[in-house]
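Chains, contacts and geometry: an overview
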Amino acid sequence: MNLARLPRRGYVDAPTPIEPLFHLSELLGGRVNFWMKRDDLLPGCAGGNKTRKLDYSFADAIAGGADTIVTCGAVQSNHCRLTLAWAVKEKMDCHLVLEERVKGSYKPDGSGNNFLFHLMGVKSITVVPGGSAMAQEMQKVADRLVDEGRTPYIIPGGASNSIGATGYVACAQETVQQLYEKKLVIDHIVVPSGSAGTHAGMVVGMEGTSANIPISGINVSRRRELQEKIVHELVAATAERVGVARPIAAEKVRCFDEYVGEGYSLPTESMIEAVKIMASTEAILMDPVYSGKAMAGMIDLARTGYFDGCANVLFLHTGGSPALYAYTPTFMS
Ligand SMILES: *Cc1c(COP(=O)(O)O)cnc(C)c1O
């Protein structure tokens, strides 16, 4: 594995911090030390995990001569916010297709990421019903742009193809190096598992560096079996792209679906508790859709003994806090 060979723009110019969560560790009984990798502090408007992936996606787009980006996400998509942000930086146009996964959830004048779409000058927003074929919907927008003389490049939802997932292979490599410098032995890593690029990239990176740190993914929408299958397929494609020759066993992909609740983006009691705990003990903002549910998962797994025998557990904070401002009533009531 030699990631320097793969084209990227260089959006990530320094490692994100790895910080101890002293207060959370104490609150959870003090037997395990919890740590956090602060990818919420990545560059790009308001930070978050998509920057690492888009570093590679935009390199591919620009190499192909694109002048316009088309991508998709949910109505409060962090991925759409960050894709737009990097398009702005690259002086490219950006068009968004938003899937209204929860009926009635699209608010044209909504706050959070939706507000930022407008502030950063999105070129168009197309809202489609939940369950739409997103690849086809994006292709329709791209076809229209071609007719207008543009050269569009489509980035899939979450930038979760083998190109984007390479960003998280790089994150795993960066993490392993930081742990070496800190003389810190991490026994387990917890990541949110959504469109799968983050989870898959981390698994490939841990394999490629032979660091052997187990990873648990906390689902935000799908059932366990389906998510594990999707992550593992992306693991295989990404491993091939980055040059990890040996096959990666399906058992290396572990998911938990107990913290999804009624579905994607729908608040749960445990998410609300986790967001409040993190804000009031560590002054760290989580988000209601991804990192909040993943943190709820880590807290429950800690309380139920899943990490017994581990000295140090690392949580990957993937960002998303702008979405909090679209959910204020959920936390104020
Ligand atoms: C997209 C996203 C995730 C999930 O990452 P995937 O690579 O899509 O699995 C987690 N947290 C936040 C804040 C996100 O925006």
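For clarity, every value in this text was computed on a predicted model and none was experimentally measured.

Attention now moves to the site of the ligand. The environment of the ligand is made up of 17 residues, and the closest members are Lys-50, Lys-53, Ser-195, Thr-198 and Thr-318. Asn-49 is positioned with one of its side-chain polar atoms (N or O) 3.1 Å from an oxygen atom of the ligand. Lys-53 has a polar side-chain atom sitting 2.5 Å from an oxygen atom of the ligand. Contributions of two or more residues to the shell around the ligand are made by helix 2 (50–63), strand 7 (188–193) and helix 7 (197–208). A class-by-class count of the residues in the shell around the ligand yields three nonpolar, eleven polar and three charged. Of the residues that make up the shell around the ligand, three or more belong to each of domain 1 (3–48 + 161–332) and domain 2 (50–159).

Below, the discussion takes up the pattern of salt bridges. Scanning the model with the defined rule gives 19 salt bridges in all. Lys-37 is the partner of Glu-174 in a salt bridge, and the nearest nitrogen-oxygen pair spans 2.5 Å. Here the residue Glu-174 occupies a position in helix 6 (residues 162–182), and Lys-37 occupies one in strand 2 (residues 33–38), the gap between them amounting to 137 residues. Given a relative accessible area of 15%, Glu-174 falls into the buried group. Ionic pairing is found between Arg-224 and Glu-225, a salt bridge with its closest N-O pair at 3.4 Å. Owing to a relative accessible area of 35%, Arg-224 belongs among the partly exposed residues under this scheme.

Each strand in a sheet pairs with another by means of backbone hydrogen bonds, the pair being arranged parallel or else antiparallel. Judged by pairing direction, the sheet is mixed, and its six strands sit side by side in the order 1-2-10-7-8-9 without closing on themselves. On the outer flanks of this sheet lie strand 1 (18–20) and strand 9 (254–256), each paired with one strand and no other. Ignoring strand direction, the axes of neighbouring strands in this sheet form an average angle of 30°. As judged from the three bridges shared by strand 8 (residues 215–219) and strand 9, these two strands associate in the parallel manner. Of the residues in strand 9, the one forming a bridge with Ile-218 is Phe-256. Lying on the sheet, helix 7 is in contact with strand 7, strand 8, strand 9 and strand 10 (312–317); it crosses strand 7 at an angle near 150°. Seen against the sheet, helix 10 (residues 291–303) touches strand 2, strand 7, strand 8, strand 9 and strand 10 and runs at an angle of roughly 165° to strand 10.

Turning our attention to the side chain of Asn-114. Within the element layout of this structure, Asn-114 appears in helix 4 (residues 112–119). At a separation of 3.1 Å, a polar atom in the side chain of Asn-114 contacts the main-chain carbonyl oxygen of Pro-108.

Now for the packing of aromatic side chains. The tally for this structure, following the rule as stated, stands at six aromatic pairs. With 3.8 Å between their ring centres and 5° between their planes, Tyr-11 and Trp-86 make a pair best called stacked. Highlighted residues: Tyr-11 in the segment before strand 1 and Trp-86 in helix 3 (residues 78–89), separated in sequence by 75 residues. Trp-86 carries the same exposure label as Tyr-11, and that label is buried. Ring geometry for Phe-256 against Tyr-306: centres 5.2 Å apart, planes inclined by 80°, an arrangement best described as edge-to-face. With Phe-256 in strand 9 and Tyr-306 in the loop between helix 10 and strand 10, this residue pair connects regions lying 50 residues apart in the sequence. A relative accessible area of 14% means that Phe-256 is categorised as buried. Given a relative accessible area of 27%, Tyr-306 falls into the partly exposed group. Three or more aromatic residues link up through ring pairs in this structure, and these residues are Phe-34, Phe-256, Tyr-306 and Phe-307. Over the face of the ring belonging to Tyr-290 we find Lys-50, whose NZ or CZ atom lies 5.5 Å from the ring centre. The side chain of Arg-101 reaches across the aromatic face of Tyr-264, ending 4.2 Å from its centre.

Quick notes on the rules
- Residues numbered from 1 in each chain as written.
- Predicted model: local features only at pLDDT ≥ 70, side-chain atom pairs only at ≥ 80, totals over all residues.
- Heavy atoms only, no water.
- Near = heavy atom within 4 Å.
- Polar contact = N/O pair within 3.5 Å; in protein donor to acceptor, adjacent residues only side chain to side chain.
- Helix = DSSP H or I, 4+ residues; strand = E, 2+ residues; numbered from the N terminus.
- Nonpolar A, V, L, I, M, F, W, Y, C, P; charged D, E, K, R; others polar.
- Domains from an automatic or database assignment.
- Salt bridge = Lys/Arg side-chain N within 4 Å of Asp/Glu carboxyl O.
- Buried < 20%, exposed > 50% of the residue type's maximum accessible area, 1.4 Å probe, protein only.
- Pairing = 2+ DSSP bridges.
- Axes fitted to C-alpha atoms, helices over the stretch in contact; angles between N-to-C directions.
- Contact = heavy atoms within 4.5 Å.
- Phe/Tyr/Trp six-rings, centres within 6.5 Å; stacked < 30°, edge-to-face > 60°.
- Lys NZ or Arg CZ within 6 Å of the ring centre and 35° of its normal.

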